[in-house]
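# Descriptive structure summary
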Amino acid sequence: MSSVLYDVPGPKARRTSLIGSVIGVVLIAALLVWAIMTLAQQGIFQAQRWAIFGQADVWTLIFNGIGATLSAAAIAAVIAFPLGLLLCLMRISDVAWIRIPTRIVLEFLRGMPVVLMMLFVLLVFATSSFIAVVAGLVLYNAAIFAEIIRAGIQSLPRGQREAGLAIGLTSFQSRLTIELPQAVRRMLPSLVAQLVVLLKDTSLGYIVAYGELLRAVQVMADFLGPQFLFPVFFVAAAIYIAINLAVSRLAIWIERHGSKKAAGGVAKAPTAGVSTVVK
């Protein structure tokens, strides 16, 4: 057996790798046991600390935070993705006075922290905290989406663009109808990963007093007392992980569904051609 990228490990290398893996697992397990024992000694697992989740008011506050988080993320994503497509097309334009300023704007937006954008919109334009959070997320993520899609377009074979120009399409039409759909499909995992980042960045709304999940949890912990800090933040972390996993699984389903649909279309084309020839 051989590999193009690396030499296949021999018996000694495999044995060393196995020993290292076993040692790593043992260390991780020991660290986990130590953490659980430490938390148990602090009384974290006492039933009364977790009994608060049997109260309706607690879940009302949590669900309000989840709703605020999802609404800000959804609106920001719906605005940022088309804006990212537009910025991408401007970034790769053949016209220099469009391409160069767009590149400068994208570099500026990518280099700015999201929380500074939120604070700028809130303080300079005197908007609500919701608008400040959405605006900050839109500006930053639109720039990231534009660069991701641009990378997807540049990764396509040059023949794709040349074929579009050969059949009479303009440069913009080739970008829009041939290259852009393929780039979006190719870069879908990266786009989904950025959507997850966008969702997590809503927690920065805490800085501008937006009532998203993290702020709701913090308010709850301040009201209930420090002894409930770990249970409350543990539940919040579990909710964030569940939402991100759901977004990732949805993207995987969309990618597989699109791939099957494209494969079905390719498979039907030769059949139609054969039937036409027979007739």
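Attention in this report is confined to the structure presented alongside it.

Procedures and definitions
Residues numbered from 1 in each chain as written. Predicted model: local features only at pLDDT ≥ 70, side-chain atom pairs only at ≥ 80, totals over all residues. Heavy atoms only, no water. Helix = DSSP H or I, 4+ residues; strand = E, 2+ residues; numbered from the N terminus. Buried < 20%, exposed > 50% of the residue type's maximum accessible area, 1.4 Å probe, protein only. Salt bridge = Lys/Arg side-chain N within 4 Å of Asp/Glu carboxyl O.

### Structural notes on the environment of tyrosine 210
Mapped onto the fold, tyrosine 210 is located in the loop between α9 (188-201) and α10 (213-224). Put simply, tyrosine 210 and isoleucine 131 are 79 residues apart on the chain and 9.5 Å apart in space, counted from C-alpha to C-alpha.

### Details of the environment of valine 247
Within the secondary structure layout, valine 247 lies in helix α11 (residues 229-278). The class of valine 247 is partly exposed, set by a relative accessible area of 27%.

### Topic: the pattern of salt bridges
For the structure on display, the rule yields three salt bridges. Close ionic contact of glutamate 147 with arginine 110 constitutes a salt bridge, the shortest N to O distance being 3.7 Å. Residue glutamate 147 is found in helix α6 (residues 129-154), and its partner arginine 110 is found in helix α4 (residues 96-111); the two are separated by 37 residues along the sequence. Salt-bridge contacts for glutamate 147 lead to arginine 150; the nearest nitrogen and oxygen are separated by 2.7 Å. Here glutamate 147 pairs with arginine 150, and both are found in helix α6, just three residues apart, close to one helical turn. For arginine 150, a relative accessible area of 16% corresponds to the buried category.

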